[in-house]
Amino acid sequence: MIAFQLSRRAWITASLVFILALLVLMPMRFMLSTSISNSSTIAASGASGSIWAGRIFEMRAGSVAIGAIEAGLRPLGLLNADYSFWFSQPAVAGTQGLRGRVTSSFGGVAVEELNGTVVFGELLPGLAAVQLEFENLSIDFSDGRCRSASGSVRSRPDSEIFAVLGLESGLIGRARCDNGALLLPMASGSGMEKLELRIYANGSYNAQMLLQQPGADLIPLLDQTGLTPVAGGYRLSAKGKFW
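These numbers were taken from a predicted model, which means no experiment stands behind them.

## Considering the overall build of the protein
Item 1. Within the protein, the regular secondary structure consists of five helices and 16 strands.
Item 2. Within the span of the protein, comprising 243 residues, buried residues form 37% of the whole.
Item 3. When contacts within the protein are restricted to residue pairs at least 6 apart in sequence, those whose partners lie at least 24 apart make up 36%.
Item 4. Entry remark: accessible area of the protein is about 13800 Å², with carbon and sulfur atoms responsible for 57%.

## Points about the state of the cysteines
Item 1. What the rule picks out here adds up to one disulfide.
Item 2. One disulfide in the model links Cys146 with Cys177; its S-S distance is 2.0 Å. Taking the torsion about the sulfur-sulfur bond, which here is approximately -60°, the covalent link between Cys146 and Cys177 counts as left-handed. With Cys146 in strand S9 (residues 145-157) and Cys177 in strand S11 (residues 176-178), this residue pair connects regions lying 31 residues apart in the sequence.
Item 3. The class for Cys177 is partly exposed, based on a relative accessible area of 26%.

## Thoughts on the environment of Gly240
Item 1. Here Gly240 is to be found in strand S16 (residues 233-241).
Item 2. A sequence separation of 116 residues divides Gly240 from Leu124, and the C-alpha atoms of the two residues are 9.4 Å apart.

## Quick word on the pattern of salt bridges
Item 1. As enumerated under the stated definition, the model contains five salt bridges in all.
Item 2. Residues Glu133 and Arg156 are paired through a salt bridge, measuring 2.5 Å at the closest nitrogen-oxygen approach. Residue Glu133 is located in strand S8 (residues 129-142), and its partner Arg156 is located in strand S9; the two are separated by 23 residues in the primary sequence.
Item 3. For Arg156, a relative accessible area of 29% puts it in the partly exposed group.
Item 4. Connected through shared salt-bridge partners, Arg101, Glu112 and Glu113 make up one network.

## Description of the pairing of strand S13 (residues 193-199)
Item 1. A large share of S13 lies buried, amounting to five of its seven residues.
Item 2. Pairing between strand S12 (residues 181-187) and S13: six bridges, direction antiparallel. Residue pairing for S13: Met186 is matched across the bridge by Leu195.
Item 3. Hairpin geometry of S12 and S13 is characterised by an intervening segment of five residues between the two adjacent antiparallel strands and by a positive phi of about 80° at Gly191.
Item 4. Adjacent in sequence and paired antiparallel, S13 and strand S14 (residues 204-212) are bridged by four residues, among which Gly203 carries a positive phi angle near 95°.

## Examining the environment of Pro27
Item 1. Structurally, Pro27 is set in the loop between helix H1 (8-25) and helix H2 (28-35).
Item 2. The class for Pro27 is partly exposed, based on a relative accessible area of 25%.
Item 3. Separated by 24 residues in the primary sequence, Pro27 and Ile51 have C-alpha atoms spaced 5.6 Å apart.
Item 4. The residues touching Pro27, leaving out its near neighbours within four places in the chain, are Gly49, Ser50 and Ile51.

## A few points about the packing of aromatic side chains
Item 1. A complete count under the given rule lists two aromatic pairs for this structure.
Item 2. By the ring-pair criterion, three or more aromatic residues cluster together here, those being Phe120, Tyr205 and Phe242.

## Quick word on the pairing of strand S6 (residues 98-105)
Item 1. As paired strands, strand S5 (residues 83-89) and S6 are joined by seven bridges and run antiparallel to one another. Counterpart to Phe87 in the pairing with S6 is Gly100.
Item 2. Between S6 and strand S7 (residues 108-121), which pair antiparallel in sequence order, lie two residues; one of them, Gly107, sits at a positive phi of approximately 85°.

The rules behind these values
Residues numbered from 1 in each chain as written. Predicted model: local features only at pLDDT ≥ 70, side-chain atom pairs only at ≥ 80, totals over all residues. Heavy atoms only, no water. Helix = DSSP H or I, 4+ residues; strand = E, 2+ residues; numbered from the N terminus. Buried < 20%, exposed > 50% of the residue type's maximum accessible area, 1.4 Å probe, protein only. Contact = heavy atoms within 4.5 Å. Areas by Shrake-Rupley, 256 points an atom, 1.4 Å probe, with all protein chains shown as cover. Disulfide = S-S within 2.5 Å. Salt bridge = Lys/Arg side-chain N within 4 Å of Asp/Glu carboxyl O. Pairing = 2+ DSSP bridges. Phe/Tyr/Trp six-rings, centres within 6.5 Å; stacked < 30°, edge-to-face > 60°.

So this is what it looks like as C-alpha cells:
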C-alpha cells in the first residue's frame, strides 16, 4: 500500500476545488427549497438546471400566476456579498414576456430593470384580472421601506367598464415611493379614471380604482361590478399579500 501525504497548501487547494465544484454544480431546486420559507406565499412546483442557469416551474406570488421562468445567479453580485438573480420569461400570445434582476442584500431587496407583463388575478374584487405592463421599473426596499423607485407602468383591467369607456389602451403612470411604500399610480389621459397599487416591503398591498363622474348609463354596470359611490364618483378597493 502506498500512502500519500498532502501538504497544507495541497489540502487547501483541494478543498477550494471541491467547494467550487459544489457551487458550479449546485442545482436550482436546492436553492429554491432553501430560499422560500413554508410561510411565504411565493411558491413553485419545481426547478431544473443549475443555480447559474436554471428553470423554475409554475411560480406564483400570492394570487399572481407567473408561470415558468428562466433564472440564474449573477456571479458579480457575490463579490459584494449580495445574492443577485437574473430572470426571464419568453413572450406568449397577448403578453410581452418578462425579464429583470432581483438583488437581495443585508437589510434589503431590489428589483432592477423590470420589463414585461404580469397578470394579477383577484387584485380587485369584481375584476377578472388586471394586466400590468412594466417598462424599466426599478425598486429599492431597505430597512422595511421603499427608498427609491423609477420606471413606468400601464394597467389593462379585464373589465367591461373599461371597454365601455373606450380605455382599452389602459391607464399609465410612473412608479415612486410614498410614505415607505411603493406606489404605482395609473390614470387615463383625462385623469377621470384612476388605479393605484401600493406595495409594502412585507409583501402586503392596497389597491384602489376610482372613476370620477361616470355617466348615468354606466351606473348599473358599476353596481354590478361592486364599485361603491363616493364623493364625486365610484370606488373599488381591496387589500392582499403578494409574498
